[in-house]
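# Fold and geometry: a report
Given next are the chains, with one letter for each unit.
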Amino acid sequence: MDALRNFKDFLLVFNTMSETCFTRCVNTFQTRELTEDEDRCVELCSNKNIRVNHKVMSVYMEVQPLIVQKRIEEMEKLNPPATENVPESVETSNYTQSDNFTPSDSKDETQDTSSQPQP
């Protein structure tokens, strides 16, 4: 998919350059061939466009990682990573088995639990 996109981008640049150079350089339509002046103009125009394109792409390749990193940092500032809300741990070392609450214990709090059988 990237190859197709790259090819389309190349064709867009090439067609734009061709149209620009043709409009700027070709003045007469009296012959099928270009005149020497037209040929030289087209050559200079196309070389200039190619050099500019290479320069723009080299600067883009240098600057793009910095732009991406800056955007990532901005997004992290706007949306900090979610931290899990972990409840504070309950200390259980002070509890014994007899301290466990069961529904039968709530019926009569005055009963002596020592006489009841331990599970």
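In the block above lies the structure referred to throughout.
Here is a short report on the structure shown in this document. If you're wondering where the values come from, they're calculated on a predicted model, not measured in any experiment. (Residues numbered from 1 in each chain as written. Predicted model: local features only at pLDDT ≥ 70, side-chain atom pairs only at ≥ 80, totals over all residues. Heavy atoms only, no water.)

Right, let's talk about the state of the cysteines for a bit. Evaluated as defined, the whole model comprises two disulfides. Paired through a disulfide, Cys 21 and Cys 45 show a sulfur-sulfur distance of 2.0 Å. The chirality of the disulfide connecting Cys 21 with Cys 45 is left-handed, given an S-S dihedral of about -85°. Residue Cys 21 is located in helix H1 (residues 2-25), and its partner Cys 45 is located in helix H2 (residues 36-78); the two are separated by 24 residues in the primary sequence. Judged by its relative accessible area of 6%, Cys 45 falls in the buried class. Note on cysteine connectivity: Cys 25 is disulfide-linked to Cys 41, with sulfurs 2.0 Å apart. Across the S-S bond linking Cys 25 and Cys 41, the dihedral sits near -65°, which makes this disulfide left-handed. (Disulfide = S-S within 2.5 Å. Helix = DSSP H or I, 4+ residues; strand = E, 2+ residues; numbered from the N terminus. Buried < 20%, exposed > 50% of the residue type's maximum accessible area, 1.4 Å probe, protein only.)

This part covers the side chain of Ser 46. Within the secondary structure layout, Ser 46 lies in helix H2. Under the relative-accessibility criterion, Ser 46 is labelled buried at 17%. From its side chain, Ser 46 meets the backbone oxygen of Glu 43 in a polar contact 3.0 Å long. Each residue touching Ser 46, except ones within four places of it in the same chain, is listed here: Met 17 and Cys 21. (Polar contact = N/O pair within 3.5 Å; in protein donor to acceptor, adjacent residues only side chain to side chain. Contact = heavy atoms within 4.5 Å.)

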